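Listed below are the residues making up each chain.
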Amino acid sequence: MSKDAPSRMRVAVVGAGQACAPHFRSLQDLQAELELAWVIGRDAGRLAALELPAGVRTSTRLEDLLDDNTVQAVLVLTPPNTHLDIVRRVAGAGKHVLVEKPLEVSLDKAQQLVEVCEREGVKLAVMLQHRMREAARALAQLVASGTLGSLVSASASVRWWRPQSYYDEPGRGTLARDGGGVLMTQAIHTLDLLLCLTGMPDKVSAMASTSALHRMECEDTVAAVLHYPNGAIGSIDATTAAYPGFPERISLNFTGGSATLEAGEFHAERMDGQTFHAGSPQASGSGANMMAFDHQAHRAVLQDFVAAIRNQTEPAVTGRSALQVHRMIAAMMTSSGSGAAVSLTA
């Protein structure tokens, strides 16, 4: 390493469940930039079973990590209902935070989590990795350029499948641990990306229910209608009861053309015949194997987070920007409960 090259940033992981796999693969890819120092988990047996690089320390005590002043950043990959407490302690120790989605189990706790990091002066990024896919970034740039004109209508479809065995795991699909069902755990990625492309609607009307296919506390099927400030109308179709699971899809219609983004690939066409394309089809865990997806977008979020720390800039997926999808999900569930449309204007 040259004299001017930055040293590897020491990072830690809190959480050692199945969902950590793409994060560990990303850390492996970025080992020239990052050094994994600690993995913290509740289960000593699960920690012992991990295949970790030489020198990585493990512990069931968060305090061991907090006391290590050489660690600059922490990946919080635990269940949603633990995020606020862990982030409060990690940020209080002056360490930057990358947290797995959702931020927390409720909008109020999600807001508290963001405010904690802002108050402590640490970076906060959120693993809403669909924003970082090649096709999503290309489409976002095209929409922002105004090339397609003004938004007329939008739709987001997340027709995934989860077997009952998925929800039989303690805590899955409960308000206490996950904060909700299909919206908070699966569709949140597509809904977050939809908001990045269209902006926030000013009103939402929704219906949510649990289908006969699942025994669970929270919703597995949701339909919603969105109204945007410029008069555009949108729709949302989200479920984990669509066997065997289908690619998520966003369709956007504009005054000058249309665009479709489906599972990592986008196509757009202007009325004058000009066409645009980026990305390629990607698996996204839409079926029974929830881990059947590539980790490249995870790696992109992590690499951007590290760059933001080094360069003192904001991450691409900030905690405050992630609050938008939490606001919309909360409004959808409120609308479903009341039977009335809910305003999203501040």
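See the structure shown above.
Enquirer: Pulling in residues and values, what's your account of the sheet that holds strand β13 (residues 265–270)?
Expert: Strand order across the open sheet formed by nine strands is β14-β13-β12-β11-β7-β10-β9-β8-β15, with mixed pairing between neighbours. With partners counted over all chains shown, the strands left at the sheet margins are β14 (275–279) and β15 (342–343), one partner each. Pairing of strand β9 (residues 221–227) with strand β10 (residues 233–239), which is carried by seven bridges, proceeds in the antiparallel orientation. Within β10, the position partnered with His227 by the bridge is Ile233.

Enquirer: I'd like to hear about the environment of Leu194, residue by residue, with values.
Expert: Structurally, the position occupied by Leu194 is in helix α8 (residues 182–198). Under the relative-accessibility criterion, Leu194 is labelled buried at 1%. Sequence spacing of Leu194 and Ala154 is 40 residues, and the spatial spacing of their C-alpha atoms is 8.4 Å. If near-sequence neighbours (up to four positions away) are discounted, Leu194 is found in contact with Ala154, Ala156, Gly199, Leu226, Tyr228, Ile236, Ile250 and Leu252.

Enquirer: Account for the pairing of β13, naming residues and giving values.
Expert: Of the strand pairs in this sheet, strand β12 (residues 257–262) and β13 are connected by six bridges, and their pairing is antiparallel. Note that in β13 the partner of Ser258 across the bridge is Glu269. As defined by bridge partners, β13 adjoins β14 across five bridges and the pair is classed as antiparallel. Directly across from Glu269, in β14, lies its bridge partner Thr275. Counting the residues between successive antiparallel strands, the hairpin from β13 to β14 contains four residues, one of them, Gly273, with a positive phi of roughly 95°.

Enquirer: Residue-level account of the packing of helix α5 (residues 107–120) against helix α10 (residues 319–338), with values.
Expert: It is the contact of α5 with α10, at a shortest axis distance of 9 Å, that shows an interaxial angle of 170°. The angle between α5 and α10 places the two elements in the roughly antiparallel class. Contact with α5, carried on its side by Leu107, Ala110, Gln111, Val114, Glu115 and Glu118, involves Gly319, Arg320, Leu323, His326, Arg327 and Ala330 of α10 and no other residues of that element. Its residues assigned to classes, the contact of α5 with α10 comprises five nonpolar, three polar and four charged.

Enquirer: Before we move on, can you summarise the state of the cysteines with the specific residues and values?
Expert: Taken as a whole and assessed by the stated rule, the structure comprises zero disulfides. Here Cys20 stays free of any disulfide, with the sulfur of Cys117 as its closest cysteine sulfur at 19 Å.

Enquirer: Outline the sheet that holds strand β4 (residues 73–76), supporting the account with residue identities and numerical values.
Expert: Sheet strands pair via backbone hydrogen bonds, and the direction of the pair is either parallel or antiparallel. Sheet architecture is open: six strands sit in the order β3-β2-β1-β4-β5-β6, paired in parallel fashion. The open sheet terminates on both sides in strands that have one partner only, identified here as β3 (57–59) and β6 (124–127). This sheet shows a mean twist of 20° between the axes of neighbouring strands, independent of strand direction.

Enquirer: Residues and numbers for the packing of aromatic side chains, please.
Expert: The final tally for this structure, using the stated rule, is two aromatic pairs. Plain terms: the ring middles of Tyr166 and Tyr167 are 4.8 Å apart, the flat faces sit at 85° to each other, and that makes the pair edge-to-face. Between Arg162 and the ring centre of Tyr166, over which it is positioned, the NZ or CZ distance is 5.4 Å.

Enquirer: Describe in detail the side chain of Arg133, supporting the description with residues and values.
Expert: Its place among the elements puts Arg133 in the loop between β6 and α6 (134–145). When its relative accessible area of 11% is taken as the criterion, Arg133 is described as buried. Among the polar contacts listed, one links the side chain of Arg133 to the side chain of Gln282, at a separation of 3.4 Å. If sequence neighbours within four positions are ignored, Arg133 has contacts with Glu248, Ala263, Gly264, Gln282, Ala283, Ser284 and Ala297.

What counts, and where the lines are drawn
Residues numbered from 1 in each chain as written. Predicted model: local features only at pLDDT ≥ 70, side-chain atom pairs only at ≥ 80, totals over all residues. Heavy atoms only, no water. Pairing = 2+ DSSP bridges. Helix = DSSP H or I, 4+ residues; strand = E, 2+ residues; numbered from the N terminus. Buried < 20%, exposed > 50% of the residue type's maximum accessible area, 1.4 Å probe, protein only. Contact = heavy atoms within 4.5 Å. Axes fitted to C-alpha atoms, helices over the stretch in contact; angles between N-to-C directions. Parallel < 35°, antiparallel > 145°, perpendicular 65-115°, else oblique. Nonpolar A, V, L, I, M, F, W, Y, C, P; charged D, E, K, R; others polar. Disulfide = S-S within 2.5 Å. Phe/Tyr/Trp six-rings, centres within 6.5 Å; stacked < 30°, edge-to-face > 60°. Lys NZ or Arg CZ within 6 Å of the ring centre and 35° of its normal. Polar contact = N/O pair within 3.5 Å; in protein donor to acceptor, adjacent residues only side chain to side chain.

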